[in-house]
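Remarks on the overall topology
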Amino acid sequence: MATVLSAEVLQDDIAVSLARVMATANKRAQELGVDVVQSLITITQVFDNDLRWRINYGPKNYIEQRGGDLIVEVDAREVKVTQVLRGQ
């Protein structure tokens, strides 16, 4: 179901930035074979020199299935992947 975003939502810089970052991270995760829909996704802000978002894709059933996480780090300003890490 498509939803038209209100002007108020589109003026929220963090929401729009995060949407772009998530789309970029999801694309990379899918390219690496991750089933994004079947993943438990967590998002963390990273403040070193610039704002980056770290998106972690893990198993939804993390108690019975351990490891195998994928972490995609995306630069918020340039909206490009800066790092990809795989868990064991």
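The rules behind these values
Residues numbered from 1 in each chain as written. Predicted model: local features only at pLDDT ≥ 70, side-chain atom pairs only at ≥ 80, totals over all residues. Heavy atoms only, no water. Buried < 20%, exposed > 50% of the residue type's maximum accessible area, 1.4 Å probe, protein only. Helix = DSSP H or I, 4+ residues; strand = E, 2+ residues; numbered from the N terminus. Pairing = 2+ DSSP bridges. Axes fitted to C-alpha atoms, helices over the stretch in contact; angles between N-to-C directions. Salt bridge = Lys/Arg side-chain N within 4 Å of Asp/Glu carboxyl O.

Some thoughts on the pairing of strand β2 (residues 51-59)
For β2, the tally of buried residues reaches 7 of 9 residues, placing the bulk of the element in the interior. For strand β1 (residues 39-47) and β2, the ladder comprises 9 bridges, and the chain directions are antiparallel. By the bridge assignment, valine 46 is partnered in β2 with arginine 52. Count of turn residues in the β1/β2 antiparallel hairpin: 3 residues. Here 6 bridges tie β2 to strand β3 (residues 70-75), and the two strands are oriented antiparallel to one another.

Description of the sheet that holds strand β4 (residues 80-86)
Read from one edge of the open sheet, 4 strands run β1-β2-β3-β4, paired in antiparallel fashion. The open sheet has two edge strands, β1 and β4, and neither has a second partner. Each neighbouring strand pair of the sheet contributes to a mean axis angle of 20°, computed without reference to strand direction.

Digging into the pattern of salt bridges
Between side chains of opposite charge, a pair can form as their charged atoms come close. All chains considered together, the criterion is met by 5 salt bridges. Between arginine 54 and glutamate 73 there is a salt bridge, with the nearest N and O atoms lying 2.5 Å from each other. With arginine 54 in strand β2 and glutamate 73 in strand β3, this pair connects stretches of sequence that are 19 residues apart. Exposure remark for glutamate 73: the relative accessible area of 3% places this residue in the buried category.

These figures capture arrangement, not role.
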